[in-house]
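Coordinate inspection notes
Each chain, written out:
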Amino acid sequence: MPDETPAPQHNRRHEVAVGARTGLAVSEAAAEESSPRTNRWGVLRHKHFRLVWFAAFGSSIGTWMEGVGVQWLMAKLTLAPEWVAAGRPDAALMMGYLGAAQLGPTLLLGIAGGLTADRVNRRTLLMVTQLIMMCVAITLLVCSLAGVLNPFLLLGISLLNGIATAFNIPAWQVLTPRLVPREELTRAIVLNGIQFNLARVIGPGLGGLLMAKYSPDVLFAVNAVSFIGVVLAVSRTPDAPAPPPTGQSPLELTKEAARFVFGNRGPLRVFLAMLLFSMLAAPLLRMLPLMVKTVYKADERAFGVMLAVMGVGAVTGGLALKFVPRWYPKHHFIPLSVMLGGASIAAFASTSSIYLASFFIFLGGIFWLWSFNSSMAAMQLLVDDRMRGRALSICNTAVFGAMPLGSLTAGLIAVATAGSAESGVGTQVGVGVMGITLFVAGLVMLVYRTPEVDGIQPGEAGFERRPGLIAGLTASAHRPRPATPEA
């Protein structure tokens with residue numbers, strides 16, 4: 001079990017103070033006493049978190065399998081001779097449009113989703129959104145079985161799923177802190193990331209094999225069924241009523257959360273890190289089907305395997321966190337992850353060898369998990385529970401709203417470079433430019449660090465803002481010093 005994401009020892013007192021100030025609610029399951037037997041389970045010893053985790057794992061496998069089917073089907077249909085001959089939009093642009101349909105609704109509705117999560121029963125909201133998403137998955141399956149799917153219908157169904165996702169994500173995010181103690185929250189978030197990426201190992205690889213032997217229908221059916229386990233597991237968790245009403249209007253509540261995120265140096269820097277990584281790294285996944293078909297000249301099995309390789313990298317990254325010193329602070333670790341993520345994406349885009357590309361996408365999976373999970377853990381530790389849904393919805397809006405913008409930008413760069421996606425060169429350039437930009441952004445954040453990301457304020461121990469790359473890499477100002485013996 002990986003240790004928690006590194007946090008400076010001098011910041012433990014701050015975390016305890018924040019916990020007392022927020023009054024974070026924890027279920028009775030999270031208060032179970034540890035024993036030698038249950039310690040072997042780590043965070044999973046908390047019954048309700050364990051049930052939800054395993055159910056979410058099964059659902060994530062279904063989600064990745066469906067994603068493989070939708071993306072490959074979109075690439076296949078838009079690269080077909082009849083589509084090209086009809087003068088339809090280029091395949092690279094259609095992949096960008098698919099990303100916009102899937103994730104764009106969060107850009108418009110993410111704040112509304114966060115407000116809803118802070119004003120209604122959170123357990124009920126999560127169950128409702130899961131049931132709606134299951135209905136959308138069934139619709140996709142029925143249309144595929146009927147043989148009526150086309151690129152535009154795929155966009156429409158993906159849009160419906162994206163709308164439900166805008167309300168589903170904040171419901172998930174406010175659930176986890178109620179299932180585990182505060183001191184184990186970071187570990188729980190990392191474990192959720194491992195679950196999602198372990199599903200990325202299994203789902204795409206299995207999906208690619210099943211799609212090659214049968215059809216995408218099998219993938220869509222598995223995903224539709226997978227929602228049942230989540231609904232049952234969530235229904236067994238303790239009730240999660242909304243925080244007491246404050247009498248504020250939705251606009252006032254939104255402004256309060258925005259002031260927290262944008263008016264405080266620490267949350268703002270975390271927000272920017274998530275925004276940049278989501279926008280600039282998203283083309284790696286969105287353009288992967290085109291890279292597989294046009295650059296590597298491979299089939300859907302290779303696409304599934306490459307997604308699985310990235311998932312293996314993410315799981316490896318989660319397990320490797322235990323080797324990062326606990327004193328290494330997040331305001332160093334997050335920029336380092338962003339910088340290395342950009343470097344791996346740029347290297348991936350520069351090669352035409354599927355073997356080298358697999359190695360670089362493996363590294364990309366490591367740094368993807370490091371960046372997003374460390375950023376989300378930092379924000380969760382900084383925000384009060386009463387505005388948790390609203391504040392995290394602002395982050396969701398950035399993360400999921402910026403992803404389609406990044407994919408569209410990469411698609412436009414691809415078309416401007418090569419004229420079409422058929423050669424693959426333009427796609428490589430589009431992904432590569434975004435990777436280089438991400439590397440530079442991470443480098444700047446590492447040189448000009450923000451201790452407030454870890455809750456360290458001016459005048460407190462460990463506060464150090466002097467620019468420098470070497471100091472940013474080594475975090476020498478935070479390294480524990482041996483105690484000086486008293487005279």
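Keep in mind the model is a prediction, meaning the values are calculated, not measured. (Residues numbered from 1 in each chain as written. Predicted model: local features only at pLDDT ≥ 70, side-chain atom pairs only at ≥ 80, totals over all residues. Heavy atoms only, no water.)

Side note on the overall build of the chain
Each helix and strand in the chain was counted, giving 18 helices and zero strands. The burial tally for the chain puts 59% of its 487 residues in the buried class. Partitioning the intrachain contacts of the chain with sequence separation of at least 6 by distance along the chain shows that 84% fall at a separation of at least 24. Of the accessible surface of the chain, which amounts to about 19,200 Å², a share of 66% is contributed by carbon and sulfur atoms. (Helix = DSSP H or I, 4+ residues; strand = E, 2+ residues; numbered from the N terminus. Buried < 20%, exposed > 50% of the residue type's maximum accessible area, 1.4 Å probe, protein only. Contact = heavy atoms within 4.5 Å. Areas by Shrake-Rupley, 256 points an atom, 1.4 Å probe, with all protein chains shown as cover.)

A word on a nonpolar patch on the surface
A contiguous nonpolar surface patch, about 460 Å² in accessible area, is contributed by I436, F439, V440, V444 and Y448. Relative to the elements of secondary structure, I436 occurs in helix α17 (residues 425-447). (Patch = residues over 30% accessible without salt bridge, like charges linked within 9 Å, V, L, I, M, F, W, Y side chains within 5 Å. Salt bridge = Lys/Arg side-chain N within 4 Å of Asp/Glu carboxyl O.)

Describing the pattern of salt bridges
Should the charged atoms of two oppositely charged side chains come close, the side chains can pair. Evaluation of the coordinates by the stated rule reveals four salt bridges. The salt bridge partner of E256 is R390, with a shortest N-O separation of 2.9 Å. In this pair, E256 sits in helix α10 (residues 250-263) while R390 sits in helix α16 (residues 388-418), placing the two residues 134 residues apart along the sequence. Each of the two residues, E256 as well as R390, counts as buried. Linking E452 and R265 is a salt bridge whose minimum nitrogen-to-oxygen distance equals 3.6 Å. With a gap of 187 residues between them, E452 in the loop between α17 and α18 (469-474) and R265 in helix α11 (residues 265-286) connect regions that are remote in the sequence. You can call E452 buried: its relative accessible area is 7%.

Things to note about the environment of Q380
With respect to the element layout, Q380 can be found in helix α15 (residues 354-382). Q380 sits 194 residues away from T186 along the chain, and the two C-alpha atoms are 8.4 Å apart. Apart from the residues within four sequence positions on either side, Q380 is in contact with Q173, P177, L185, I189, R388 and L392.

Some remarks on the packing of aromatic side chains
Here the structure, examined in full by the defined rule, presents 13 aromatic pairs. Residues W72 and F303 carry aromatic rings whose centres are separated by 5.8 Å and whose planes lie at 25 degrees to one another, so their mutual orientation is stacked. Here W72 is found in helix α3 (residues 47-78), whereas its partner F303 is found in helix α13 (residues 300-320), with 231 residues between them in sequence. F303 shares its class with W72; the two are buried. Their ring planes at 70 degrees and their centres at 5.6 Å tell us that F367 and W370 sit as a pair that is edge-to-face. Of this pair, F367 and W370 both sit in helix α15, three residues apart, which is roughly one turn of the helix. Both residues of the pair, F367 and W370, belong to the buried class. The structure contains a cluster of three or more aromatic residues connected by ring pairs, namely W327, Y328, F333, F367 and W370. (Phe/Tyr/Trp six-rings, centres within 6.5 Å; stacked < 30°, edge-to-face > 60°.)

Structural notes on the side chain of T237
Tracing the sequence through the fold places T237 in the loop between α9 (216-235) and α10. Judged by relative accessible area, T237 falls into the buried class, the value being 2%. A distance of 2.7 Å separates the side chain of T237 from the backbone oxygen of V234, its partner in a polar contact. Non-local contacts of T237, meaning those with residues more than four positions away in its chain, are made with H48, V52, R123, L175 and L179. (Polar contact = N/O pair within 3.5 Å; in protein donor to acceptor, adjacent residues only side chain to side chain.)

As for the nonpolar core
One finds F348 and W368 to be the most contacted residues of the largest nonpolar core, which totals 87 residues. Residues within four places of F348 in sequence aside, it is in contact with L284, L288, M291, Y296, M306, A357, F360, I361 and V431. Counting residues in hydrophobic clusters, the runner-up holds 21 residues, among them L44, F49, W53 and L191. (Core = buried A, V, L, I, M, F, W, Y, C linked by side-chain atoms within 4.5 Å.)

Quick look at the packing of helix α5 (residues 91-117) against α16
Contact pair α5 / α16: the axes reach a minimum separation of 7 Å and the direction vectors enclose 165 degrees. In terms of orientation, α5 and α16 fall into the roughly antiparallel class. Here α5 and α16 pass one another in a crossing that is left-handed. (Axes fitted to C-alpha atoms, helices over the stretch in contact; angles between N-to-C directions. Parallel < 35°, antiparallel > 145°, perpendicular 65-115°, else oblique. Left-handed = near helix turned anticlockwise from the far one by under 90°.)

With respect to unusual backbone geometry
Despite not being glycine, K297 has its phi angle at roughly 55 degrees, a positive value. Relative to the assigned elements, K297 resides in the loop between α12 (288-295) and α13. What makes K297 exposed here is its relative accessible area of 62%. Phi is positive for A475, which is not a glycine, with a value near 50 degrees. Following the sequence through the fold, A475 ends up in the segment after α18. Take A475: its relative accessible area is 0%, and that puts it in the buried class.

Some thoughts on the confidence of the model for the chain
The share of residues in the chain with pLDDT of 70 or more is 89%, and the mean pLDDT across the chain is 81. When the elements of the chain are averaged for pLDDT, helix α1 (residues 12-22) gives the smallest value, 34, and helix α14 (residues 330-350) the largest, 95. Contacts of residues 1-38 to residues separated by more than four positions or lying in other chains number 94 contacts, the stretch itself having pLDDT below 50. (pLDDT = per-residue confidence, 0-100.)

Things to note about the packing of α11 against α15
A packed helix pair is summarised by two numbers, namely the angle formed by the two axes and the spacing between the axes. Where α11 meets α15, the closest approach of the two axes is 10 Å, and the angle between their N-to-C directions is 155 degrees. As far as their axial angle goes, α15 and α11 are roughly antiparallel. In this structure, α11 meets α15 at a crossing whose hand is left-handed. Residues G266, P267, V270, F271, A273, M274, F277, S278, A281, A282, L284 and L285 of α11 pack against I361, F367, W368, S371, F372, S375, M376, A378, M379 and L382 of α15. Of the residues that constitute the contact of α11 with α15, the class distribution is 18 nonpolar, four polar and no charged. (Nonpolar A, V, L, I, M, F, W, Y, C, P; charged D, E, K, R; others polar.)

Brief notes about the environment of L438
Structurally, L438 is set in helix α17. A C-alpha to C-alpha distance of 7.5 Å links L438 and A281, two positions 157 residues apart in sequence.

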